[in-house]
Structure formats: structure tokens, C-alpha cells
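Structure assessment
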Amino acid sequence: MTIRWGYGTNGLTDLRLEDALAVLADLGYDGVGLTLDHMHLDPLVPDLPTRTRQVARALDRHGLTVTVETGARYVLDPRRKHGPSLLDPDPDARAARTRLLIRAVQVAADLGAHAVHCFSGITPDGTDDGTAWKRLADALAPVLDAASAAGVPLAIEPEPGHLLGSLADFHYLREEFGGPEALGLTLDIGHCQCLEPLPPADCVREAAPWLKHVQIEDMRRGVHEHLPFGEGEIDFPPVLEALEATGYQGLTVVELPRHSHAGPQLAEESLRFLRRAAAEGGTP
């Protein structure tokens, strides 16, 4: 078993999707983290099933597997970054995010994706934790039902500054739902460096039973800034060795959403770096 590398399309927004897939395949990537957004696969277009079939054929043509990501900044609201969230005070706004995630589950099923990624959102001002957690659980319940029916796990990501911001928060949510099979974890290696009490390699080992999606980039302690490899503080060989040991079979996706201007170059450099770090850690 070997780690399967992917690159996030949110770091290739200056390329047409077909061109981005061709570049990644040519570089030797195994797959792609496909963010549903207006410039690639717009989840709100009326002919989404037709467009999804076209993307499925392109993925097959390039020999790429896929994870569906839902972190587009303005896909629902052109004025509010990542809004509305699953924690929005307006129930209609929360429902809009829920519908988007259910649609993402259907896209993932149609593409043969191994997971759908999501996150909780930031707790709105004036909202207590109890209310926020109840909103999150209520908004996610129909998404989990859809994920279970489709056979596609929902992989929620602990995001710095969000209600669900840590591995401990993920376990709290799982317990609230009773540990459903459809609820998995997106582990971002940089976020582990940023805020988790354990080193990133230990985070990987702790998260192993629930891993459904992995994102990777460099980062510094206490600073939530996605950095190209070598510009942060993470010691990657032990992290990749730990990841290999878990038996995780999904994609490990490079997450550099603020570097699209240099996307093709960074995609090449990132894969070279990760392959070297994996070899240093004893990973094939």
C-alpha cells in the first residue's frame, strides 16, 4: 500500500478544470480534491448532472480519483465568505448550506468519489455553544442520511476558529450522533501543527480509525496560514510514515488555496517534496 497524492482544485482556480486535471495527471498525481465552485464544477447550475458526467469522463480519461470538497468561499453568497454556514441564525440560510452538502453527496456518488468534505463554520456572534452545536447537529442530520444512502462518507474537517475546530470537537460531534458509519474525519496536517496539542504524526495515529480524507500543506504553530512545503515548521517524514501505517486508502490532497497564481509550478514542486519526504520516512 502506498500514499495516494492529490492536489486541490481550489489551488488551481486560474486553470480550466480540464486543463487542471491534465496537468495533475501529467505530473503523476493519483487524484484531485475537487472543490465545487463556479469556475470548475458549479453545484448550482441547472444542468449539474450533465456537467458531472462530463467531469466523470475527464477524470476517467486522466486516470484520476477524486474527493469532493465544499470549501468554496462565495458559492452561496457573493458577499459573505463561506456563508451561510451550518450555524447561521437564519434557519432558511442553514437549510441552503444543508442542500448544498446533499447536492455534493450526489455529485460525489456520480463521480465515484471516496468522500465529501465539509466543515462547521464559525459560531455567529451572540450564539452560545449549546445552541451552535444543536444547529450543527440538526443541519448535518439530513446530509448524513444522504451520505449513508449513497454510500459516500461525509468527512468533516476541524478548522481553526470554527465551532468544530479540533479533533476533540470531532469526537464530541460523533458522540452526539451516536457514532454513525457515514460520519468520518478530514484531517488537515497543517491544522494539526497550528493548534492541536499533539505533534502532527501523533494526530494521524489518533485520528486513524475515522480518517476519510487528508489534506496536507506546511504551517507554523499558532498561525493559520497554508504554506508551500518547506516554508513552515512541519517535519514531514514522520507524518507520512504514520499515515502509511494507518492503512488509509483515500487521497492525501495538497491544500494551497491562496496560491492559485502559481498553481502548476507548486503542484510540481509539492509532489516532488512529498515523494522525497515519504522516501526519507521509509514510505514507498
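Before any of the text, the structure's been laid out above.
Everything in this summary refers to the structure shown in the same document. Since the structure is predicted, the reported quantities are computational estimates derived from the model, not experimental observations.

Cut-offs and rules
- Sequence order as written defines residue numbering, which begins from 1 separately in each chain.
- Per-residue local features are limited, in this predicted model, to residues with pLDDT of at least 70; the limit for side-chain atom pairs, both in listing and counting, is 80 or more; totals at the level of whole chains, interfaces and linings are taken over all residues.
- Note: side-chain values were computed over all heavy atoms of the structure, leaving out hydrogens and water.
- In this scheme, a residue with accessible area under 20% of its type's maximum is buried, one over 50% is exposed, and one in between is partly exposed, where area comes from a 1.4 Å probe on protein chains only.
- A run of H or I in DSSP counts as a helix once it spans at least four residues, and a run of E counts as a strand once it spans at least two, with each numbered from the N terminus.
- When we speak of the arc, we mean the arc of directions from the helix axis to the C-beta atoms.
- A contact between two residues is defined here by any heavy atoms of the two lying within 4.5 Å.
- Counted as salt bridges are all cases of a side-chain nitrogen of Lys or Arg within 4 Å of a carboxyl oxygen of Asp or Glu.
- Pairs of N or O atoms within 3.5 Å make up the polar contacts considered here, provided that, within protein, one atom can donate a hydrogen while the other can accept it, and that residues adjacent in sequence are counted only when both atoms are side-chain atoms.

1. Some details on helix α5 (residues 167–177)
- Turning to α5, its buried residues number three or more, namely Leu167, Phe170, His171, Leu173 and Arg174. When α5 is viewed along its axis, its buried side chains cluster within an angular range of 160° and face the same direction. Seen from the buried face of α5, the exposed residues on the opposite side, beyond 90 degrees, are Ala168, Glu175 and Glu176.
- Buried-residue contacts for α5 involve α4 (129–150), β5 (154–156), β6 (183–188) and α7 (200–207).
- Within two residues after α5, Gly178 carries a phi angle of roughly 80°, on the positive side.

2. Details of the pattern of salt bridges
- Inspection of every chain in the model, using the stated rule, returns 7 salt bridges.
- Of the charged contacts, one joins Arg272 and Glu268 as a salt bridge, the two residues approaching to 3.9 Å between their closest N and O atoms. Of this pair, Arg272 and Glu268 both sit in helix α9 (residues 263–280), 4 residues apart, roughly one helical turn.
- Residue classification places Arg272 among the partly exposed positions, given a relative accessible area of 45%.
- What emerges from the salt-bridge pattern is a single network uniting Asp77, Arg80 and Asp88.

3. Here's the deal with the environment of Arg94
- With respect to the helices and strands, Arg94 occurs in helix α3 (residues 91–111).
- Residue classification places Arg94 among the buried positions, given a relative accessible area of 18%.
- Sequence spacing of Arg94 and Gly179 is 85 residues, and the spatial spacing of their C-alpha atoms is 23 Å.
- Not counting residues up to four positions away in its chain, the partners in contact with Arg94 are Ser85, Leu86, Leu87, Asp88, Pro89 and Arg135.
- Of note is the side chain of Arg94, whose polar atom sits 3.3 Å from the backbone oxygen of Pro89.

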